[in-house]
Amino acid sequence: MTEGLKLTVDRRQGLAVLYTDGYINNQGGEEIARAAYELIDQGYTQLLLNLHGTKIINSIGISILIEIIERMLQIEGRLGFCSLTPTIEKTFHIMGLAQYAGIYPDEAAATADLSPGA
Amino acid sequence: MPEQAALREIRLLLPMAPDMEMVASQAATAVAEFARMSADKVDEVRMAVVEACINAFEHSHAVDKVLELTFTVLGTTEPETLCVTVRDHGVGFAPECVEDPCIEAKLKAERKRGWGIKIIRGLMDNVKIQSGADGTTVVMCKSR
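Here is what the cut-offs are and how they apply
Residues numbered from 1 in each chain as written. Chains lettered and ligands numbered in written order. Predicted model: local features only at pLDDT ≥ 70, side-chain atom pairs only at ≥ 80, totals over all residues. Heavy atoms only, no water. Helix = DSSP H or I, 4+ residues; strand = E, 2+ residues; numbered from the N terminus. Rg over C-alpha atoms; globule rule 2.2 N^0.38 Å. Buried < 20%, exposed > 50% of the residue type's maximum accessible area, 1.4 Å probe, protein only. Contact = heavy atoms within 4.5 Å. Axes fitted to C-alpha atoms, helices over the stretch in contact; angles between N-to-C directions. Parallel < 35°, antiparallel > 145°, perpendicular 65-115°, else oblique. Left-handed = near helix turned anticlockwise from the far one by under 90°. Nonpolar A, V, L, I, M, F, W, Y, C, P; charged D, E, K, R; others polar. Arc of directions from axis to C-beta. Polar contact = N/O pair within 3.5 Å; in protein donor to acceptor, adjacent residues only side chain to side chain. Pairing = 2+ DSSP bridges. Phe/Tyr/Trp six-rings, centres within 6.5 Å; stacked < 30°, edge-to-face > 60°. Lys NZ or Arg CZ within 6 Å of the ring centre and 35° of its normal. Salt bridge = Lys/Arg side-chain N within 4 Å of Asp/Glu carboxyl O.

With that out of the way, let us pick up the overall build of chain A. The secondary structure content of chain A amounts to 4 helices and 5 strands. Walking chain A from its N terminus toward its C terminus, one meets helices and strands in the order β-β-α-β-α-β-α-β-α. For chain A, the C-alpha radius of gyration of 13 Å lies close to 13 Å, the compact-globule estimate for 118 residues. Here the C-alpha coordinates of chain A stretch approximately 40 × 25 × 25 Å along the principal axes. Expressed as a percentage of its 118 residues, the buried residues of chain A come to 52%. Pairs at least 24 residues apart make up 69% of the contacts formed inside chain A by residues separated by at least 6 positions.

Here it is in structure tokens:
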């Protein structure tokens, strides 16, 4: 019934940005995880999830994002989130995600912090 | 202070099927907008409703596979509070036995899930859960 999540990846020097568009549920979360693990396998250790196009997410989708955070911690990489709706940001704080992943107001602030050499 | 009355009540019966939580989300948005909640509060209500629905879909094991939602706008003359009741006729659970999840433990655990009730409590002002052998009722309210 709902359209699937659309995901776009922008590979940059040492940083990959994943743009989401749509609902992040279990399928959407798994799609993000597949893309993130592929990027990690390609050597990326800094990932940014730009959620500008996502207005709703559920706890199953967020649980899959926690798996990605766990993987990033294992490789001593960093995962950041930017352009969240106030409700998604509040939810991430309720769950404590902000302790393990950067939350930035916009992509400029995120890339300034996550880009290699920043 | 005068007691709040139901200014509007909407009932919705949903089949427990994939993506039906989004139908509940649309209904929650419409009622919260009718109650003249801010855009952020509308968003918080709809996210809490989505969580309550997927909890019921996943854990109720209701034979009838039907979820009942009631949206009630309360107020004296103007909308003041929105209450959403989500009821299933499943097997029930013991709310007091549900572990409060914490991110440190979840990062190490194989099972990362189990956040629904914590999210609902964090987004709504008042949440009551009643559960027994005849099902579970979650009543969650938020003031305007």
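With that settled, the discussion passes to the packing of helix α1 (residues 26–41) of chain A against helix α2 (residues 59–74) of chain A. Residues and elements named next belong to chain A. Direction vectors running N to C along α1 and α2 enclose 15°, while the axes themselves pass 7 Å from each other. The orientation of α1 relative to α2 falls into the category roughly parallel. Like other packed secondary-structure pairs, α1 and α2 cross with a definite hand, here right-handed. Together, Asn26, Gly29, Glu30, Ile32, Ala33, Ala36, Tyr37, Ile40 and Asp41 of α1 and Ile60, Gly61, Ile64, Leu65, Glu67, Ile68, Arg71 and Met72 of α2 make up the contact between the two elements. Its residues placed into classes, the contact of α1 with α2 shows 10 nonpolar, 3 polar and 4 charged.

Moving on, we get to helix α4 (residues 107–114) of chain A. All names here are of chain A. Within α4, burial applies to Glu107, Ala110, Thr111 and Leu114. Down the axis of α4, the buried set is contained in an arc of 95°. They therefore lie on one face. When the buried face of α4 is taken as reference, the exposed residues oriented beyond 90 degrees from it are Ala108 and Ala112. Its buried side turned inward, α4 meets β2 (16–21), β3 (46–53), β4 (78–82) and β5 (102–104). Looking at where α4 begins, the residue whose side-chain oxygen comes 3.4 Å from the main-chain nitrogen of alanine 108 is aspartate 106.

So, on to the sheet that holds β2 of chain A. Residues and elements named next belong to chain A. Read across the sheet, 5 strands follow the order β1-β2-β3-β4-β5 without closing on themselves; strand pairing throughout is mixed. For this open sheet the edge positions go to β1 (6–11) and β5, each flanked by a neighbour on one side alone. Each neighbouring strand pair of the sheet contributes to a mean axis angle of 20°, computed without reference to strand direction. Inspection of the sheet shows β1 paired to β2 by 6 bridges, in the antiparallel sense. Of the residues in β2, the one forming a bridge with leucine 7 is threonine 20.

One pass over the full model with this rule turns up 1 aromatic pair over all chains. Plain terms: the ring middles of phenylalanine 81 of chain A and phenylalanine 92 of chain A are 5.0 Å apart, the flat faces sit at 65° to each other, and that makes the pair edge-to-face. Of the two residues, phenylalanine 81 of chain A is situated in strand β4 and phenylalanine 92 of chain A in helix α3 (residues 86–95); the sequence distance between them amounts to 11 residues. Each member of the pair, phenylalanine 81 of chain A as well as phenylalanine 92 of chain A, carries the same accessibility label: buried. Across the ring face of tyrosine 37 of chain A, the terminal group of arginine 71 of chain A is positioned such that the distance to the ring centre comes to 4.7 Å. Of note, arginine 8 of chain B hangs over the ring of phenylalanine 34 of chain B, and the distance from its end group to the ring centre comes to 4.0 Å.

For the rest of this paragraph, the subject is the pattern of salt bridges. All names here are of chain B. All told, the structure shown has 15 salt bridges over all chains when counted by the stated rule. For aspartate 43, the salt bridge is made with arginine 46, and the minimal N-O distance between the two is 3.0 Å. Remark: arginine 46 and aspartate 43 occur in helix α2 (residues 39–59); sequence separation between them is 3 residues, near one turn of the helix. Each member of the pair, aspartate 43 together with arginine 46, is buried. Here glutamate 58 and arginine 113 are joined by a salt bridge, their closest N and O atoms 2.2 Å apart. Here arginine 113 lies in the loop between α3 (103–108) and α4 (116–123) and glutamate 58 lies in helix α2, a separation of 55 residues in the sequence. Classification of arginine 113 as partly exposed rests on a relative accessible area of 27%.

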